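A look at the structure
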4 protein chains.
Amino acid sequence: MNNASKKHWKSKLHDIIYEADTPTGKLFDVVLFIAIIASILLVMLESVNSIDKNYHNFLNISEWVITILFTIEYIARIITVKKPIKYITSFYGVIDLLSTIPKYISLIFGGVHALAALRALRLLRIFRILKLARYLGASNNLVTALKASRAKISVFLFAVIIVAIILGTIMYLVEGEENGFTNIPKSVYWCIVTLTTVGFGDIAPQTPLGQFIASLVMILGYGIIAVPTGIVSAEYTAQNKKDKSSHPSENVSLNSQSCENCLAENHKDKSGYCYNCGEKLYD
Amino acid sequence: MNNASKKHWKSKLHDIIYEADTPTGKLFDVVLFIAIIASILLVMLESVNSIDKNYHNFLNISEWVITILFTIEYIARIITVKKPIKYITSFYGVIDLLSTIPKYISLIFGGVHALAALRALRLLRIFRILKLARYLGASNNLVTALKASRAKISVFLFAVIIVAIILGTIMYLVEGEENGFTNIPKSVYWCIVTLTTVGFGDIAPQTPLGQFIASLVMILGYGIIAVPTGIVSAEYTAQNKKDKSSHPSENVSLNSQSCENCLAENHKDKSGYCYNCGEKLYD
Amino acid sequence: MNNASKKHWKSKLHDIIYEADTPTGKLFDVVLFIAIIASILLVMLESVNSIDKNYHNFLNISEWVITILFTIEYIARIITVKKPIKYITSFYGVIDLLSTIPKYISLIFGGVHALAALRALRLLRIFRILKLARYLGASNNLVTALKASRAKISVFLFAVIIVAIILGTIMYLVEGEENGFTNIPKSVYWCIVTLTTVGFGDIAPQTPLGQFIASLVMILGYGIIAVPTGIVSAEYTAQNKKDKSSHPSENVSLNSQSCENCLAENHKDKSGYCYNCGEKLYD
Amino acid sequence: MNNASKKHWKSKLHDIIYEADTPTGKLFDVVLFIAIIASILLVMLESVNSIDKNYHNFLNISEWVITILFTIEYIARIITVKKPIKYITSFYGVIDLLSTIPKYISLIFGGVHALAALRALRLLRIFRILKLARYLGASNNLVTALKASRAKISVFLFAVIIVAIILGTIMYLVEGEENGFTNIPKSVYWCIVTLTTVGFGDIAPQTPLGQFIASLVMILGYGIIAVPTGIVSAEYTAQNKKDKSSHPSENVSLNSQSCENCLAENHKDKSGYCYNCGEKLYD
């Protein structure tokens, strides 16, 4: 850290990895995006028996390529941050590690099936892509509207669950074990299946009274689906209006930089220092 | 009632049980909340044969603990209200009693299956939790919007039922008994299953004409799901606007006190006397 | 018609049958409402084999009571209108006749099954009840909003059908006859079942490619359900606003009178003469 | 092209084929509409074995009539456009050719099954009908609202797919191959079926834990269906408002002419020259 040129080199690498505003930064993000998608496809394809049998070698080699790529990325991330411990113990740090090591472990212990489960953790890397989605800029209002209506949707879901418990118990008493409603938890499960208009049909009421109550449940579900929609619609309309009537000065555009020191994100454009720890930000 | 200190003691207990503004009152509500959730879980778990077989003793003891807790609560509620008869004959009073006694009755008559049904009444205690949900304050607008659109939603549901009856009869005539549409009520049930887009699949049209009519039913259902949503959205947007434009003085915050004398609730903050019966309210 | 007192008698009966503003008129409507509901319940119950077997006599007698009631109503309606031919050939006139005669015909030919189908026409009388629903006054805005968005919803449904035809054909080519997609119409039927999120499950894709396309169909269906909802919401919000900003003089209340001469309805309150044919209206 | 009267004759035919403002042009469009609907019905009916067996000759002759009609139309379109190559290589040109030739090819090679697939391309001609739908004028706002919310809906669908992949993998690990979740792609397919509330029921969770997670998936799906609806509602409301407040001069009505030279469409009413290539437009 005492070497200015080394710092500059590290800082450059930091910009490439943690930011998306420079051409090389964008290229890195796109390559990472493709690697994550490819790694997810690999996990999915390996689970298909017929494909795994025929293309085992190809899948194995691809898996190694991806693993090495992720390893390089992991090490690069550790080197370029000022406080590596903070990154390693962060949410993304743990995911990055856990999604990289299963292949190395399989080298030692062989292809244990339980490790496949661990490999699935790689899926969580997908959230990095969501970070990319933010740059599309389209979802800002949407997220704000969802956050504003979070409390209301919680109360609504709570009510839905209570209704499901009460109606599920009634259906258990009405239909009984002989018609598939073997216990109350299963009845509640059926009730949620019906209230949400999913309707698998693996369990279905057989008695006339059960079918009558089921009809009420369905019409109720049809009616209350209007509630979350109404909430989000209203909130979103309000958001849209606020957006249009707000002063231009309030519309601060955030960039994709993240602080080398504390990993804080969402810095305002042209910020010189981190709003969180005061560390100098390099453009 | 002629003893001042005894009144004070009772009044304190009353505050703990019926109100949620003091620390002890909040603690009581939280304990009650947990007890109700636990009691519901017990009823659900007991209905699962495999669990009931293995953990019968544990479930039995837990059941007794809950029952005794509810008994104490029931007696405390009777003691602290001025007009116990009014509480006992109220909605919550009857539920509290009915959800407590089944275990005692089972002592005398043994574990009769029909009593399990009675025990399920305990689920209605869940509405006490809904009372807690009110304090979240999030659902006020929602309830107002739903109340305002109640009449419209009723007319809509009435129309849905008429459509279901007419189309159900047509499907009965088209498909007939050999394809599962054994009678008109069952056909109407199928029609509701389809209109609400639940689609169990336990009954499904087999003839080409039946499938054609079913397609129309489904597209109709798809189209009319827009109606309740539109109603609630519009009502909720209107509610939101009214909320913002209303004078602050109109936004009266209601507290969780309930009158010792007449059990009336929704008193305004800092009210000195019950708006219903004029009884003094203790803070 | 040349006898003034007879005319007065007829006019009174006319008011009772065709209007709902007087106490006797309201009573008549309520009785008619109950009779229609009862007649529909009878048709439904007769279709249930087990009920028909056990309560055949009761159902038969009830059927006769309803039939005689409807006969009296039919004759009374003919007598009290000025132009009986116009009533007899009108929509309600034909329904009233068709829903009354099946029982008489069954007297001559015995209980032919095909007549049960005819008896089902009685269900169309339910539209008279819808006429009653109008007096609830709640659905006015709703109907206006639906009418305003009718053209848009038609275009939308047209697009849905085209999508269903194209995707249905693709699924027929992909899945083929061995997986239940026996022909294109059936594939289109499946596609409508899926697009509208009903999902019976009587036909379900088996091949990976079929399941992939099915996923696209489902997500498409999930996405486009937003369209009719958005249309109705917007239209309804607009309707609500117009309602509030309109001058009180524009809110003309319509009464339930119908002209004795031309059967025209929707007269303004306190109209002296029919807006359609100029006939005098009696209060 | 150097002969004025020939040009006039061609120009007339061009107006009939490419425009819908003159009586003959409208007649041509209606005939074409009927022919396309008939040709689609033919493809659908031929796929039904029982119908194909009994009415093979009728279907075959109808097919030839349609094919000859489409051939004449195809040639007429080539003759009347100034740059035939441009038409032939355009989207509609390719579809017109591909939907016409399968019958001719079947003459040479016999009724090869693979050709049936090619014949299905005729379905794409249906988009010509959509062009007609534009004249209904009802869908303009709708299309604008959908375009405006396209980006948001994309982000939303992207999020839905990520959720489906994560939850699908979890369900694969929880339920396993013995309960129908044979591999991750199939689990993801199930997850999409459930999230979109379609719920075929061909695969359904059997373990209590699986049913619990499925319940969460369903309630999640129920909750997030509100999102696209909210987006379109808000956008559509905004569109409606803009529409009403816009100056009348901005509402330019577009006619159905298309330029003879470059095939550009959406000319303003009373335009004298093509806005794209400057070619004279004949009324």
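It should be emphasised that the depicted structure is a prediction, and the values quoted were computed from it without experimental measurement.

A separate point is the overall build of chain A. From N to C terminus, chain A includes 14 helices and 0 strands. Element order for chain A, N to C, with α for helix and β for strand: α-α-α-α-α-α-α-α-α-α-α-α-α-α. Residue burial in chain A is summarised as follows: out of 283 residues, 48% are buried. For chain A, the proportion of contacts with a sequence separation of at least 24, taken over those separated by at least 6, is 57%. Surface accessibility of chain A: about 13,600 Å² in total, with carbon and sulfur atoms responsible for 67%.

The pair of chain copies shares a relation made of a rotation about an axis and a shift along it. The two copies are related by a screw motion: chain D maps onto chain A through a turn of 90° and a shift of 0.1 Å along the axis, at an RMSD of 0.1 Å. In short, the pair behaves as if placed about a four-fold rotation axis. Little of the interface of chain D is mirrored in chain A, where only 18% of its interface residues are also at the interface.

All names here are of chain A. Taking the UniProt record as the reference, the feature "transmembrane region" (unreviewed entry) is found at residues 27-45, 57-81, 101-121, 155-174 and 212-234. The span residues 27-45 carries 100% helix and 0% strand; its end-to-end C-alpha distance comes to 27 Å. Between the end C-alpha atoms of residues 155-174 the distance is 29 Å, and the span holds 100% helix and 0% strand.

This next bit is on the interface of chain C and chain B. If you look at the interface, chain C gives 45 residues, while chain B gives 44 residues. Summed over both partners, the interface of chain C with chain B buries about 3,700 Å², with 76% contributed by carbon and sulfur atoms. Counting across the interface, chain C meets chain B through 0 salt bridges. Across the chain C-chain B interface, the total number found is 1 residue pair in polar contact (both at pLDDT 80 or more). Sorting the residues of the side of chain C that touches chain B by element identifies α2 (23-46), α9 (126-135), α10 (140-148), α11 (150-175), α12 (184-195), α13 (208-224) and α14 (226-245) of chain C as the ones contributing at least two each. A breakdown of the residues in the side of chain C that touches chain B according to their chemical character gives 30 nonpolar, 11 polar and 4 charged.

This next bit is on the packing of aromatic side chains. Overall, the coordinates contain 16 aromatic pairs over all chains when judged by the stated rule. Judged by centre distance (5.2 Å) and plane angle (70°), the ring pair of B:Phe181 and B:Trp190 falls under edge-to-face. Assigned by exposure class, B:Phe181 and B:Trp190 land together as buried. Aromatic ring contacts, followed pair by pair, group A:Phe181, A:Trp190 and B:Phe200 into a single cluster.

Moving on, we get to the interface of chain D and chain A. The interface is formed by 44 residues belonging to chain D together with 47 residues belonging to chain A. Contact with chain A buries surface across chain D, with D:Met218, D:Ile219 and D:Tyr222 losing the most and accounting together for 19% of the total. Summed over the shared surface of chain D and chain A, the number is 0 salt bridges. Across the contact surface, chain D and chain A share 1 residue pair in polar contact (both at pLDDT 80 or more). Those elements that place two or more of their residues in the side of chain D that touches chain A are α11 (150-175), α12 (184-195), α13 (208-224) and α14 (226-245) of chain D.

Quick look at the side chain of A:Thr194 now. You can see A:Thr194 is positioned in helix α12 (residues 184-195). In this structure A:Thr194 comes out as buried when scored by relative accessible area, which is 0%. Not counting the four nearest positions on each side in its chain, A:Thr194 is found in contact with A:Ala214, A:Val217, A:Met218, B:Val198 and B:Phe200.

With that settled, consider the confidence of the model for chain A. Residue and element names in this part refer to chain A. Looking at chain A, pLDDT values average 75 and 67% of them are 70 or higher. Averaged pLDDT values over the elements of chain A bottom out at 56 in helix α9 (residues 126-135) and peak at 91 in α12. The low-confidence segment residues 246-254, where pLDDT is below 50, has 7 contacts with residues more than four positions distant or belonging to other chains. With a pTM of 0.79, the predicted complex shows an ipTM of 0.76.

With respect to the helices, strands and loops of the structure, A:Thr169 is situated in helix α11 (residues 150-175). Looking at A:Thr169, its side chain comes within polar contact range of the main-chain oxygen of A:Ile165, at 2.8 Å.

Of the transformation superimposing chain C on chain B, the axial component is 0.1 Å and the angular component is 90°, with the fit at an RMSD of 0.1 Å. When the interface residues of chain C are mapped onto chain B, a mere 18% of them again lie at the interface, so each copy presents a different face.

All names here are of chain D. Two elements in contact, α11 and α13, have axes whose closest approach is 10 Å; the angle formed by their N-to-C orientations is 170°. In terms of their interaxial angle, α11 and α13 are classed as roughly antiparallel. Note on element contacts: α13 touches α11 through Leu-209, Gly-210, Gln-211, Ile-213, Val-217, Leu-220 and Ile-224, opposite Phe-156, Val-160, Val-163, Leu-167, Ile-170, Met-171, Val-174 and Glu-175. Split into classes, the residues belonging to the contact of α11 with α13 amount to 12 nonpolar, 2 polar and 1 charged.

Glancing now at unusual backbone geometry. Residue and element names in this part refer to chain B. Phi angles above zero are rare outside glycine, and Thr-197 is one such case at about 60°. With respect to the helices, strands and loops of the structure, Thr-197 is situated in the loop between α12 (184-195) and α13 (208-224). Take Thr-197: its relative accessible area is 1%, and that puts it in the buried class.

For the rest of this paragraph, the subject is the environment of B:Ile37. Residue and element names in this part refer to chain B. Among the secondary structure elements, Ile-37 is positioned in helix α2 (residues 23-46). Here Ile-37 falls in the partly exposed class, since its relative accessible area comes to 32%. Distance in space between the C-alpha atoms of Ile-37 and Glu-73 is 16 Å, their sequence separation being 36 residues.

What follows concerns the packing of helix α2 (residues 23-46) of chain D against helix α4 (residues 56-80) of chain D. Residues and elements named next belong to chain D. Closest axis-to-axis distance for the α2/α4 pair is 10 Å, and the angle between their directions is 140°. In terms of their interaxial angle, α2 and α4 are classed as oblique. The hand of the α2/α4 crossing is left-handed. In contact with Phe-28, Leu-32, Ala-35, Ile-36, Ala-38, Ser-39, Leu-42, Leu-45 and Glu-46 of α2, α4 contributes Leu-59, Ser-62, Glu-63, Ile-66, Phe-70, Glu-73 and Arg-77. Of the residues belonging to the contact of α2 with α4, the class tally is 10 nonpolar, 2 polar and 4 charged.

With that settled, consider α12(C). Between the first and last C-alpha of α12(C) there are 16 Å, a value that for 12 residues agrees with the 16 Å anticipated at 1.5 Å per step. Where burial is concerned, most of α12(C) is hidden: 10 out of the 12 residues are buried. By the burial criterion, the buried members of α12(C) are C:Ile184, C:Ser187, C:Val188, C:Tyr189, C:Trp190, C:Cys191, C:Ile192, C:Val193, C:Thr194 and C:Leu195. Buried residues along α12(C) sit against α13 of chain B, α11 and α13 of chain C together with α2 of chain D. With a side-chain oxygen lying 2.9 Å from the backbone nitrogen of C:Lys186, the N-terminal cap of α12(C) falls on C:Asn183. One or two positions beyond α12(C), positive phi appears at C:Thr197, with a value near 60°.

Quick notes on the rules
Residues numbered from 1 in each chain as written. Chains lettered and ligands numbered in written order. Predicted model: local features only at pLDDT ≥ 70, side-chain atom pairs only at ≥ 80, totals over all residues. Heavy atoms only, no water. Helix = DSSP H or I, 4+ residues; strand = E, 2+ residues; numbered from the N terminus. Buried < 20%, exposed > 50% of the residue type's maximum accessible area, 1.4 Å probe, protein only. Contact = heavy atoms within 4.5 Å. Areas by Shrake-Rupley, 256 points an atom, 1.4 Å probe, with all protein chains shown as cover. Least-squares fit on C-alpha atoms with pLDDT ≥ 70 in both. UniProt positions renumbered as here; feature names shortened; annotations may be inferred. Buried area = accessible area lost by both parts, 1.4 Å probe. Salt bridge = Lys/Arg side-chain N within 4 Å of Asp/Glu carboxyl O. Polar contact = N/O pair within 3.5 Å; in protein donor to acceptor, adjacent residues only side chain to side chain. Nonpolar A, V, L, I, M, F, W, Y, C, P; charged D, E, K, R; others polar. Phe/Tyr/Trp six-rings, centres within 6.5 Å; stacked < 30°, edge-to-face > 60°. pLDDT = per-residue confidence, 0-100. Axes fitted to C-alpha atoms, helices over the stretch in contact; angles between N-to-C directions. Parallel < 35°, antiparallel > 145°, perpendicular 65-115°, else oblique. Left-handed = near helix turned anticlockwise from the far one by under 90°. Expected span 1.5 Å × (residues − 1).

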